[in-house]
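# Reading the structure
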Amino acid sequence: MRRAIYPGSFDPVTNGHVDVIERARKLFDEVVVAVAVNDQKQPFFSLAERLEFLREVTAPISGVKVARLDGLLMRFAVEQGAQAVVRGLRAVSDFEFEFQMALMNRKLEASVETIFLMPKEDYTYLSSRIVKEIARLGGDVSNFVAPCVVKGFAEKLKR
Ligand code: ADP
(Lines give C-alpha, C1' and ligand atoms only; values in the text may rest on other atoms or scores of the structure.)
Protein backbone atom coordinates (compact mmCIF):
# COMPACT_ATOMS: atom_id res chain seq x y z
CA MET A 1 0.00 0.00 0.00
CA ARG A 2 1.63 3.24 -1.15
CA ARG A 3 0.36 6.25 0.75
CA ALA A 4 1.12 9.95 0.37
CA ILE A 5 0.24 12.94 2.49
CA TYR A 6 -0.76 16.18 0.74
CA PRO A 7 -0.55 18.91 3.37
CA GLY A 8 -1.66 22.52 3.14
CA SER A 9 -3.95 25.21 4.44
CA PHE A 10 -6.54 24.70 1.68
CA ASP A 11 -8.12 28.06 2.51
CA PRO A 12 -10.06 27.24 0.37
CA VAL A 13 -9.38 24.22 -1.85
CA THR A 14 -9.02 25.30 -5.51
CA ASN A 15 -9.10 23.42 -8.83
CA GLY A 16 -5.28 23.52 -8.73
CA HIS A 17 -5.26 21.52 -5.49
CA VAL A 18 -7.69 19.00 -6.99
CA ASP A 19 -5.40 18.62 -10.02
CA VAL A 20 -2.48 17.81 -7.70
CA ILE A 21 -4.61 15.31 -5.74
CA GLU A 22 -5.60 13.53 -8.97
CA ARG A 23 -1.99 13.36 -10.14
CA ALA A 24 -0.85 12.06 -6.74
CA ARG A 25 -3.52 9.35 -6.87
CA LYS A 26 -1.99 8.01 -10.07
CA LEU A 27 1.24 7.40 -8.15
CA PHE A 28 -0.12 6.31 -4.77
CA ASP A 29 -2.87 3.93 -3.65
CA GLU A 30 -4.06 6.43 -1.09
CA VAL A 31 -3.68 10.18 -0.73
CA VAL A 32 -4.35 11.74 2.66
CA VAL A 33 -5.14 15.43 2.28
CA ALA A 34 -3.97 16.97 5.55
CA VAL A 35 -5.47 20.32 6.50
CA ALA A 36 -3.23 22.36 8.75
CA VAL A 37 -4.83 23.41 12.03
CA ASN A 38 -1.93 25.29 13.55
CA ASP A 39 -1.66 27.75 10.77
CA GLN A 40 0.11 30.93 11.67
CA LYS A 41 -1.88 32.54 8.92
CA GLN A 42 -5.33 33.64 10.05
CA PRO A 43 -7.57 31.53 7.80
CA PHE A 44 -10.58 32.98 5.99
CA PHE A 45 -12.52 29.72 6.26
CA SER A 46 -12.65 27.80 9.56
CA LEU A 47 -11.02 24.38 9.85
CA ALA A 48 -14.47 22.75 9.74
CA GLU A 49 -15.35 24.62 6.54
CA ARG A 50 -12.02 23.79 4.88
CA LEU A 51 -12.42 20.10 5.76
CA GLU A 52 -16.01 20.05 4.51
CA PHE A 53 -15.14 21.65 1.15
CA LEU A 54 -12.31 19.15 0.66
CA ARG A 55 -14.54 16.18 1.55
CA GLU A 56 -17.15 17.30 -0.93
CA VAL A 57 -14.66 18.06 -3.70
CA THR A 58 -12.72 14.80 -3.31
CA ALA A 59 -15.78 12.55 -2.83
CA PRO A 60 -15.76 11.45 -6.51
CA ILE A 61 -12.05 10.53 -6.37
CA SER A 62 -11.44 7.07 -4.89
CA GLY A 63 -8.56 6.49 -2.47
CA VAL A 64 -8.58 9.99 -1.00
CA LYS A 65 -8.91 10.69 2.71
CA VAL A 66 -9.25 14.13 4.28
CA ALA A 67 -7.77 14.65 7.74
CA ARG A 68 -6.81 17.44 10.08
CA LEU A 69 -3.13 18.02 10.62
CA ASP A 70 -2.42 19.09 14.16
CA GLY A 71 1.29 19.20 14.87
CA LEU A 72 4.40 18.06 13.09
CA LEU A 73 3.87 16.94 9.47
CA MET A 74 6.62 14.32 9.58
CA ARG A 75 5.18 12.75 12.72
CA PHE A 76 1.77 12.59 11.06
CA ALA A 77 3.29 11.03 7.94
CA VAL A 78 4.95 8.28 10.00
CA GLU A 79 1.77 7.66 12.00
CA GLN A 80 -0.16 7.30 8.75
CA GLY A 81 2.42 4.88 7.35
CA ALA A 82 3.08 7.23 4.41
CA GLN A 83 6.11 6.96 2.16
CA ALA A 84 5.87 10.47 0.79
CA VAL A 85 4.66 14.02 1.17
CA VAL A 86 3.30 15.65 -1.96
CA ARG A 87 3.50 19.36 -2.67
CA GLY A 88 2.50 21.34 -5.73
CA LEU A 89 4.99 23.50 -7.61
CA ARG A 90 3.51 26.25 -9.71
CA ALA A 91 6.44 28.49 -10.48
CA VAL A 92 9.98 29.28 -9.49
CA SER A 93 8.52 31.52 -6.79
CA ASP A 94 7.28 28.43 -4.92
CA PHE A 95 10.65 26.76 -5.15
CA GLU A 96 12.77 28.41 -2.47
CA PHE A 97 10.34 27.90 0.38
CA GLU A 98 9.43 24.38 -0.74
CA PHE A 99 13.09 23.41 -1.11
CA GLN A 100 13.87 24.59 2.41
CA MET A 101 10.84 22.78 3.86
CA ALA A 102 11.64 19.56 2.02
CA LEU A 103 15.23 19.49 3.25
CA MET A 104 14.22 20.32 6.81
CA ASN A 105 11.58 17.60 6.73
CA ARG A 106 14.18 15.13 5.49
CA LYS A 107 16.37 16.05 8.47
CA LEU A 108 13.42 15.39 10.76
CA GLU A 109 12.38 12.12 9.09
CA ALA A 110 14.64 10.57 6.48
CA SER A 111 12.20 7.77 5.59
CA VAL A 112 9.61 10.12 4.09
CA GLU A 113 10.33 11.61 0.65
CA THR A 114 8.93 14.92 -0.57
CA ILE A 115 7.56 14.77 -4.09
CA PHE A 116 6.69 17.82 -6.19
CA LEU A 117 3.95 17.70 -8.78
CA MET A 118 3.26 20.36 -11.39
CA PRO A 119 -0.36 21.17 -12.09
CA LYS A 120 -1.94 21.53 -15.50
CA GLU A 121 -0.64 24.79 -17.04
CA ASP A 122 -4.08 26.38 -16.66
CA TYR A 123 -3.70 26.23 -12.89
CA THR A 124 -0.20 27.63 -12.53
CA TYR A 125 -1.54 31.12 -11.83
CA LEU A 126 -4.10 29.88 -9.30
CA SER A 127 -3.72 30.29 -5.56
CA SER A 128 -6.11 30.34 -2.62
CA ARG A 129 -4.87 33.83 -1.81
CA ILE A 130 -5.77 35.23 -5.23
CA VAL A 131 -9.16 33.51 -5.22
CA LYS A 132 -9.96 35.09 -1.83
CA GLU A 133 -8.94 38.49 -3.12
CA ILE A 134 -11.19 38.19 -6.18
CA ALA A 135 -14.13 36.93 -4.10
CA ARG A 136 -13.74 39.72 -1.54
CA LEU A 137 -13.84 42.28 -4.35
CA GLY A 138 -17.04 40.75 -5.71
CA GLY A 139 -15.50 38.88 -8.65
CA ASP A 140 -16.66 35.55 -10.03
CA VAL A 141 -14.48 32.67 -8.81
CA SER A 142 -16.57 29.83 -10.23
CA ASN A 143 -13.86 28.94 -12.79
CA PHE A 144 -11.31 28.40 -10.04
CA VAL A 145 -13.13 26.62 -7.21
CA ALA A 146 -15.89 24.04 -6.78
CA PRO A 147 -19.56 25.11 -6.48
CA CYS A 148 -19.61 24.37 -2.72
CA VAL A 149 -16.74 26.85 -2.26
CA VAL A 150 -18.48 29.49 -4.39
CA LYS A 151 -21.49 29.05 -2.09
CA GLY A 152 -19.23 29.27 0.97
CA PHE A 153 -17.86 32.60 -0.24
CA ALA A 154 -21.36 33.93 -0.94
CA GLU A 155 -22.52 33.04 2.57
CA LYS A 156 -19.44 34.40 4.27
CA LEU A 157 -19.31 37.65 2.33
CA LYS A 158 -22.99 38.62 2.47
CA ARG A 159 -23.53 41.43 4.90
P1 ADP B 1 0.30 26.24 2.14
O2 ADP B 1 -0.36 27.29 2.96
O3 ADP B 1 0.92 25.13 2.92
O4 ADP B 1 1.17 26.76 1.00
P5 ADP B 1 -1.82 25.80 0.28
O6 ADP B 1 -3.15 25.32 0.66
O7 ADP B 1 -1.71 27.21 -0.22
O8 ADP B 1 -0.91 25.49 1.48
O9 ADP B 1 -1.19 24.82 -0.81
C10 ADP B 1 -0.94 23.49 -0.52
C11 ADP B 1 -0.03 22.92 -1.57
O12 ADP B 1 -0.67 22.99 -2.82
C13 ADP B 1 1.29 23.65 -1.75
O14 ADP B 1 2.27 22.71 -2.08
C15 ADP B 1 1.03 24.58 -2.91
O16 ADP B 1 2.22 24.87 -3.60
C17 ADP B 1 0.13 23.71 -3.73
N18 ADP B 1 -0.75 24.47 -4.61
C19 ADP B 1 -1.56 25.50 -4.32
N20 ADP B 1 -2.20 25.97 -5.39
C21 ADP B 1 -1.79 25.19 -6.43
C22 ADP B 1 -2.05 25.18 -7.83
N23 ADP B 1 -2.85 26.08 -8.39
N24 ADP B 1 -1.43 24.25 -8.56
C25 ADP B 1 -0.58 23.37 -8.00
N26 ADP B 1 -0.27 23.34 -6.70
C27 ADP B 1 -0.86 24.24 -5.93
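Provided above is the structure to which this section pertains.
This is a predicted model, so every value here is computed, not measured.

Here is what the cut-offs are and how they apply
- Residues numbered from 1 in each chain as written.
- Predicted model: local features only at pLDDT ≥ 70, side-chain atom pairs only at ≥ 80, totals over all residues.
- Heavy atoms only, no water.
- Buried < 20%, exposed > 50% of the residue type's maximum accessible area, 1.4 Å probe, protein only.
- Helix = DSSP H or I, 4+ residues; strand = E, 2+ residues; numbered from the N terminus.
- Pairing = 2+ DSSP bridges.
- Right-handed = clockwise from strand over helix to strand, strands pointing away.
- Near = heavy atom within 4 Å.
- Polar contact = N/O pair within 3.5 Å; in protein donor to acceptor, adjacent residues only side chain to side chain.
- 1 Å grid on protein atoms, 1.4 Å probe; cavity = no way out; pocket = protein on both sides within 12 Å on 5 of 7 lines; lining within 4 Å.
- Sits in = over half its atoms within 2 Å of the grid points.
- Nonpolar A, V, L, I, M, F, W, Y, C, P; charged D, E, K, R; others polar.
- Phe/Tyr/Trp six-rings, centres within 6.5 Å; stacked < 30°, edge-to-face > 60°.

The next thing to look at is the pairing of strand 1 (residues 3-8). Across the 6 residues of strand 1, 6 count as buried, placing the element largely inside the fold. What you see with strand 1 is no split at all: R3, I5 and P7 on one side and A4, Y6 and G8 on the other are buried throughout. Of the pairings in the sheet, the one linking strand 1 to strand 2 (residues 30-36) comprises 6 bridges and is parallel in character. Counted as the bridge partner of Y6 is V33 from strand 2. The β-α-β motif built from strand 1, the intervening helix 1 (residues 15-27) and the parallel element strand 2 has right-handed crossover chirality. Note that strand 1 and strand 4 (residues 84-88) share 2 bridges and pair parallel. For I5, the partnering residue across the bridge sits in strand 4 and is V85.

Another aspect to go through is unusual backbone geometry. For residues besides glycine, phi is generally negative; the peptide bonds are generally trans as well. In this structure, the amide linkage connecting D11 to the following residue, P12, adopts the cis form with an omega of -5°. Tracing the sequence through the fold places P12 in the loop between strand 1 and helix 1. Here F10, not a glycine, exhibits a phi torsion of approximately 45°, which is positive. In this fold, F10 is placed in the loop between strand 1 and helix 1. Take F10: its relative accessible area is 3%, and that puts it in the buried class.

The environment of the ligand is formed by 17 residues, the closest being Y6, S9, F10, K41 and G88. Here R90 contributes a side-chain N or O atom positioned 3.2 Å from a nitrogen atom of the ligand. If you map the ligand onto the pockets, it falls in the largest pocket. Contributions of two or more residues to the shell around the ligand are made by strand 1, helix 1, strand 4 and helix 4 (92-108). Considered class by class, the residues forming the shell around the ligand number 7 nonpolar, 5 polar and 5 charged.

With that out of the way, let us pick up the environment of S46. Tracing the backbone through its elements, the reader meets S46 in the loop between strand 2 and helix 2 (47-58). C-alpha of S46 to C-alpha of R75: the two residues are 29 residues apart in sequence and 24 Å apart in space.

Below, the discussion takes up the pairing of strand 4. Strand direction decides the pairing type here: strand 4 and strand 5 (residues 113-117), joined by 5 bridges, are parallel. When the sheet's bridge partners are listed, A84 is paired in strand 5 with E113. Handedness of the crossover joining strand 4 and strand 5 through helix 4 is recorded here as right-handed.

Another aspect to go through is the packing of aromatic side chains. Pairs of aromatic rings are described using the distance from one ring centre to the other and the angle between the two planes. The final tally for this structure, using the stated rule, is 7 aromatic pairs. On the numbers, 5.6 Å between centres and 40° between planes, the contact of F44 with F153 is tilted. With a gap of 109 residues between them, F44 in the loop between strand 2 and helix 2 and F153 in helix 6 (residues 147-157) connect regions that are remote in the sequence. For the pair formed by F44 and F153, the shared burial category is buried. Ring geometry for F45 and F153: centres 5.0 Å apart, planes at 65°, overall edge-to-face. Residue F45 is located in the loop between strand 2 and helix 2, and its partner F153 is located in helix 6; the two are separated by 108 residues in the primary sequence. With respect to class, F45 is no different from F153; both count as buried. Here the aromatic residues F44, F45, F53 and F153 are joined through ring pairs into a cluster of three or more.

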